[in-house]
Amino acid sequence: MDYLWTPWRFHYVSNIKSTDKCVFCIDPTDQMDEEKYILFRGKFNFVILNIFPYTSGHLLVVPYVHVANLTDCSLELSCEMMELAKVSKSAIDKAYHPDGFNLGMNLGRCAGAGVEHHLHLHVVPRWLGDSNFMSITGESRVLPETLTSTYQKLKQYFQ
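Residues numbered from 1 in each chain as written. Predicted model: local features only at pLDDT ≥ 70, side-chain atom pairs only at ≥ 80, totals over all residues. Heavy atoms only, no water.

A. Local environment of the overall build of the protein. Of regular secondary structure, the protein possesses 4 helices and 5 strands. For the protein, buried positions account for 35% of its 159 residues. Across the protein, the fraction of contacts at a sequence separation of at least 24, relative to all contacts at a separation of at least 6, is 65%. (Helix = DSSP H or I, 4+ residues; strand = E, 2+ residues; numbered from the N terminus. Buried < 20%, exposed > 50% of the residue type's maximum accessible area, 1.4 Å probe, protein only. Contact = heavy atoms within 4.5 Å.)

Quick look at the structure:
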């Protein structure tokens, strides 16, 4: 049996609490952005690291309002979401120099949404060969840096 050591995840998994609270419904007065990996707060949306990233630099653009249906979003929210996706792509380009990107939403459980009741936009940097045997046959991801390192690397581009 192979073991993949991920000691940086212990803090997260040891603090998971059973709750019905939405993980994306954040307190606007909370000032713990670095601890929660929030890179930027806009008027209608915020940018946060994905704590279960596909690759290093995987970000989410999330509306403050708890909404599941894209068609229920205001024009202002939608426009800001796309602008923040552009800023996020630019930040990742500068910090990581990826070969490409996946940008998208999984709307509904059957579409792959892990959090299906609060829509969010994924900004995922991609590199040639990043889908190697570990992801395909081992059903595991190997990430070369901690979330804290990713946060510190990207935060400067969201000032």
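B. Structural context of the pattern of salt bridges. Scanning the model with the defined rule gives 6 salt bridges in all. Its salt-bridge partner being R41, residue D33 comes within 2.7 Å of it at the nearest N-O pair. Among the ionic pairs, K86 bridges to E83, the shortest N-O distance being 3.1 Å. Remark: E83 and K86 occur in helix α2 (residues 75–96); sequence separation between them is 3 residues, near one turn of the helix. Classification of E83 as partly exposed rests on a relative accessible area of 43%. (Salt bridge = Lys/Arg side-chain N within 4 Å of Asp/Glu carboxyl O.)

C. Structural view of the packing of aromatic side chains. Within this structure, the stated rule accounts for 4 aromatic pairs. A centroid spacing of 6.5 Å and a plane angle of 35° characterise the contact between F40 and F158, whose relative ring orientation is tilted. Of this pair, F40 sits in strand β1 (residues 38–41) while F158 sits in the segment after α4 (147–155), and the two are 118 residues apart along the sequence. Taking the centre distance of 6.4 Å and the plane angle of 75° together, the rings of Y96 and W127 count as edge-to-face. Highlighted residues: Y96 in helix α2 and W127 in the loop between β5 (121–126) and α3 (133–136), separated in sequence by 31 residues. (Phe/Tyr/Trp six-rings, centres within 6.5 Å; stacked < 30°, edge-to-face > 60°.)

D. Looking closely at unusual backbone geometry. Here Y37, not a glycine, exhibits a phi torsion of approximately 60°, which is positive. Note on placement: Y37 falls in the loop between α1 (10–14) and β1. Using a relative accessible area of 19% as the deciding quantity, one classes Y37 as buried. In the Ramachandran plot, H97 falls in the positive-phi region, its phi being about 55° despite a non-glycine side chain. Its place among the elements puts H97 in the loop between α2 and β4 (100–104).

E. Quick peek at the nonpolar core. Counting residues in hydrophobic clusters, the biggest one holds 31 residues, and the most contacted among them are L39, L49, L59 and L154. Of all the secondary structure elements, the ones that give two or more residues to this core are β1, β2 (45–49), β3 (59–63), α2, β5 and α4. Ranked by the residues each element gives to this core, the list is headed by α2, at 8 residues. Residues within four places of L154 in sequence aside, it is in contact with L39, L49, G57, L59, A91, I92, A95 and Y96. (Core = buried A, V, L, I, M, F, W, Y, C linked by side-chain atoms within 4.5 Å.)

Treat this as a map of the structure, not an account of what it does.
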